[in-house]
Amino acid sequence: MVRVGEFLYLIIVIAVVVVAIIAGLVTTTLRRRHPEAGPGPQETEVREEAPPPRAETQPTVEDTEMPVVTPAPTVERPEAPAGRLVRLRERLSRSQGALGRGLLALLSREQLDEETWEDIEDTLLTADVGVKPTQELVEHLRTRLRVEGAGASPREVLREELLNLVDPTMDRSIDVERRNGVPGVVLLVGVNGTGKTTTVGKLARVLVAEDKQVVLGAADTFRAAAAEQLATWGERVGAPAVRGPEGSDPASVAYEAVKHGVEREADVVLVDTAGRLQNKAGLMDELGKVKRVIEKQAPVTEVLLVLDATTGQNGMIQARVFREVVDVTGIVLTKLDGSAKGGIVVAVQRELGVPVKFVGLGEGPDDLAPFDPDTFVDALLGEST
Ligand code: GDP
């Protein structure tokens with residue numbers, strides 16, 4: 001009896017142990033498959049960790065600590081800017097050559113009658129040269145070809161007159177020098193979609209190629225992807241990007257970017273801005289504030305207006321609005337590779353009284369070139385070599 005009792009007791013103990021082991025195994029498997037299923041102490045902690053509350057009001061300039069994306073030291077070496085337009089000349093000639101070829105064909109007619117001059121005018125207007133510059137050019141061409149007679153080469157005369165129109169005397173350098181212990185500050189303004197953020201990234205590469213220390217400020221806080229896009233551009237060339245949360249105060253980001261540039265002893269800070277054009281007063285307030293808070297630390301040395309060459313007259317309207325809102329010191333004309341209307345170079349310089357300083361000729365990272373009137377006119381005339 002005692003033996004049977006002991007045996008039964010042993011069986012019960014074994015059964016309890018086996019059940020306990022199986023139960024343990026099942027629970028572990030379930031937790032692994034569905035981590036949220038088991039209310040273990042760790043999961044509760046994680047779930048209880050609520051995201052920080054969103055600020056009700058925009059942070060003020062002085063109390064904001066903006067995250068800085070500091071790139072790893074392995075960086076690309078961008079192409080030197082000097083030879084870029086020569087590399088891109090063929091592209092320019094492909095998109096703009098029709099204008100020069102069209103004009104040359106007309107000027108080479110035996111009889112330069114009124115109808116031909118009207119055709120010349122139409123060709124220039126179609127290429128967005130603008131009414132007044134077109135009239136001037138036609139007048140100069142008429143006078144010179146009449147005075148110089150049969151000995152004049154239409155190609156040479158046209159080349160000279162186009163060059164005068166583009167104005168080789170304008171200063172196209174950008175002021176990006178450190179002065180009085182603070183970096184140069186470049187604001188890039190323009191309507192969204194013109195290629196502004198891309199241009200900030202490309203310009204950083206131009207400056208890095210000239211051995212400048214560059215800091216980027218992602219003050220276009222209204223477009224979700226803009227800050228990310230800028231940080232990526234910066235990472236590739238070792239330029240830190242200062243950015244704020246989406247929808248934060250652009251002036252705060254600009255302030256922090258320049259502060260970072262001052263602390264880091266950078267040569268230049270490039271600040272991307274938001275380009276919403278719904279109303280002029282709003283734009284004026286925003287850009288005015290950005291400029292004011294930057295200038296608590298360092299003067300803004302350049303304001304570059306980014307215009308999309310493919311937008312024609314719309315681009316001119318944008319130029320007028322920005323001219324009233326901020327002191328533009330130079331123009332960046334993007335997407336010239338996708339437009340035959342290179343005459344906008346002339347029109348927009350006339351409208352704003354400031355030079356085109358850079359042209360965008362593609363989506364490649366080094367497809368931004370300092371603008372050179374001679375190379376541009378050669379491309380207009382279809383001379384790509
Ligand atoms: P943002 O809204 O003004 O900041 O515009 P983005 O910088 O995001 O650029 C808008 C689009 O234009 C992008 O797809 C760019 O790659 C493109 N883009 C910018 N510059 C040029 C250029 O010079 N040529 C061409 N073909 N595309 C360009």
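Above this note sits the structure.
Everything in this summary refers to the structure shown in the same document. (Residues numbered from 1 in each chain as written. Predicted model: local features only at pLDDT ≥ 70, side-chain atom pairs only at ≥ 80, totals over all residues. Heavy atoms only, no water.)

Some thoughts on the overall build of the protein chain
So, step 1. Across its full length, the protein chain holds 13 helices and nine strands.
So, step 2. Residue burial in the protein chain is summarised as follows: out of 385 residues, 48% are buried.
So, step 3. For the protein chain, the proportion of contacts with a sequence separation of at least 24, taken over those separated by at least 6, is 80%.
So, step 4. When the accessible surface of the protein chain is totalled, it reaches about 19,500 Å², and 54% of it is carbon and sulfur. (Helix = DSSP H or I, 4+ residues; strand = E, 2+ residues; numbered from the N terminus. Buried < 20%, exposed > 50% of the residue type's maximum accessible area, 1.4 Å probe, protein only. Contact = heavy atoms within 4.5 Å. Areas by Shrake-Rupley, 256 points an atom, 1.4 Å probe, with all protein chains shown as cover.)

Some words on unusual backbone geometry
So, step 1. Positive phi, normally seen in glycine, also occurs at Asp 211, with a value near 65°.
So, step 2. The residue Asp 211 is located in the loop between α7 (196-209) and β3 (214-219) in this model.
So, step 3. Classification of Asp 211 by relative accessible area gives exposed; the value is 62%.
So, step 4. The residue Glu 265 is not glycine, and still its phi comes out positive at about 60°.
So, step 5. One can find Glu 265 in the loop between α9 (250-264) and β5 (268-273).

Brief notes about empty space enclosed by the protein
So, step 1. Taken as a whole and assessed by the stated rule, the structure comprises one cavity of 30 Å³ or more.
So, step 2. Surrounding the largest cavity, Leu 99, Val 129, Leu 162, Leu 165, Val 166, Gly 342, Gly 343, Val 346, Phe 376 and Leu 380 form its lining.
So, step 3. Looking at the lining of the largest cavity, the elements that each hand over two or more residues are α6 (154-166) and α13 (373-380).
So, step 4. Tallying contributions element by element places α6 first for the lining of the largest cavity, with three residues. (1 Å grid on protein atoms, 1.4 Å probe; cavity = no way out; pocket = protein on both sides within 12 Å on 5 of 7 lines; lining within 4 Å. Points joined across faces, edges and corners; volume = space filled by probe spheres on them.)

Let's talk about the site of the ligand
So, step 1. Taken together, 18 residues form the shell around the ligand, and within it Gly 193, Lys 196, Thr 197, Thr 198 and Glu 363 come nearest.
So, step 2. Thr 194 is positioned with one of its backbone polar atoms (N or O) 3.2 Å from an oxygen atom of the ligand.
So, step 3. Gln 229 places a polar side-chain atom, nitrogen or oxygen, 3.3 Å from an oxygen atom of the ligand.
So, step 4. Protein chains shield 80% of the accessible area of the ligand, which is 590 Å² for the free molecule.
So, step 5. The biggest single contributor to the shell around the ligand is α7, with four residues. (Near = heavy atom within 4 Å. Polar contact = N/O pair within 3.5 Å; in protein donor to acceptor, adjacent residues only side chain to side chain.)

Some thoughts on the nonpolar core
In summary, soluble globular proteins display a tendency toward joint burial of nonpolar side chains.
So, step 1. Counting residues in hydrophobic clusters, the biggest one holds 80 residues, and the most contacted among them are Ile 294, Leu 333 and Val 348.
So, step 2. Looking at which element gives the most residues to this core, the answer is helix α3 (residues 84-107), with eight residues.
So, step 3. The contacts of Ile 294, once residues within four sequence positions are left out, are Val 185, Leu 187, Ala 254, Val 258, Val 271 and Val 300.
So, step 4. The next biggest cluster of nonpolar side chains, apart from the first, holds 26 residues, and it includes Leu 188, Ala 204, Ala 218 and Val 268. (Core = buried A, V, L, I, M, F, W, Y, C linked by side-chain atoms within 4.5 Å.)

What to know about the packing of aromatic side chains
Each pair of aromatic rings is reported with the distance of its centres and the angle of its planes.
So, step 1. The tally for this structure, following the rule as stated, stands at one aromatic pair.
So, step 2. With 5.1 Å between their ring centres and 55° between their planes, Phe 371 and Phe 376 make a pair best called tilted. Neither residue differs from the other here; Phe 371 and Phe 376 are each classed as buried. (Phe/Tyr/Trp six-rings, centres within 6.5 Å; stacked < 30°, edge-to-face > 60°.)

Considering the sheet that holds strand β7 (residues 330-334)
Across a sheet, strands are paired by hydrogen bonds formed along the backbone, either parallel or antiparallel in direction.
So, step 1. Spatially, nine strands are ordered β1-β4-β3-β5-β2-β6-β7-β8-β9 in an open sheet, and the strand pairing comes out mixed. In the strand order of this sheet, the two ends are held by β1 (68-69) and β9 (368-370), each with one partner.
So, step 2. Relative to β7, strand β6 (residues 300-308) is paired through five bridges, and the arrangement is parallel. Counterpart to Leu 307 in the pairing with β7 is Leu 333.
So, step 3. Sheet contacts for helix α8 (residues 224-237): β1, β3, β4 (241-243) and β5; angle to β3, the most-contacted strand, approximately 170°.
So, step 4. Together, β2 (184-189) and β6 form the strand contacts of helix α11 (residues 313-325), whose direction differs from that of β6 by roughly 155°. (Pairing = 2+ DSSP bridges. Axes fitted to C-alpha atoms, helices over the stretch in contact; angles between N-to-C directions.)

What about the side chain of Glu 161?
So, step 1. Mapping Glu 161 onto the fold places it in helix α6.
So, step 2. Leave out the neighbours within four places in its chain, and Glu 161 touches Leu 137, His 140, Leu 141 and Arg 144.

Thoughts on a negative patch on the surface
So, step 1. A cluster of acidic residues, Asp 113, Glu 115, Glu 118 and Asp 122, forms a negative patch on the protein surface.
So, step 2. Note on placement: Asp 113 falls in the loop between α3 and α4 (114-126). (Patch = residues over 30% accessible without salt bridge, like charges linked within 9 Å, V, L, I, M, F, W, Y side chains within 5 Å. Salt bridge = Lys/Arg side-chain N within 4 Å of Asp/Glu carboxyl O. Lys, Arg positive; Asp, Glu negative; His and termini not counted. Charge placed at Lys NZ, Arg CZ, Asp CG, Glu CD.)

Quick look at α11
So, step 1. The terminal C-alpha atoms of α11 lie 19 Å apart, and with 13 residues this matches the ideal 18 Å at 1.5 Å per residue to within 8%.
So, step 2. Among the residues of α11, Gly 315, Met 316, Gln 318, Ala 319, Val 321, Phe 322 and Val 325 are the ones counted as buried.
So, step 3. Each element contacted by the buried residues of α11 is listed here: β2, α10 (280-294), β6 and α12 (344-352). (Expected span 1.5 Å × (residues − 1).)

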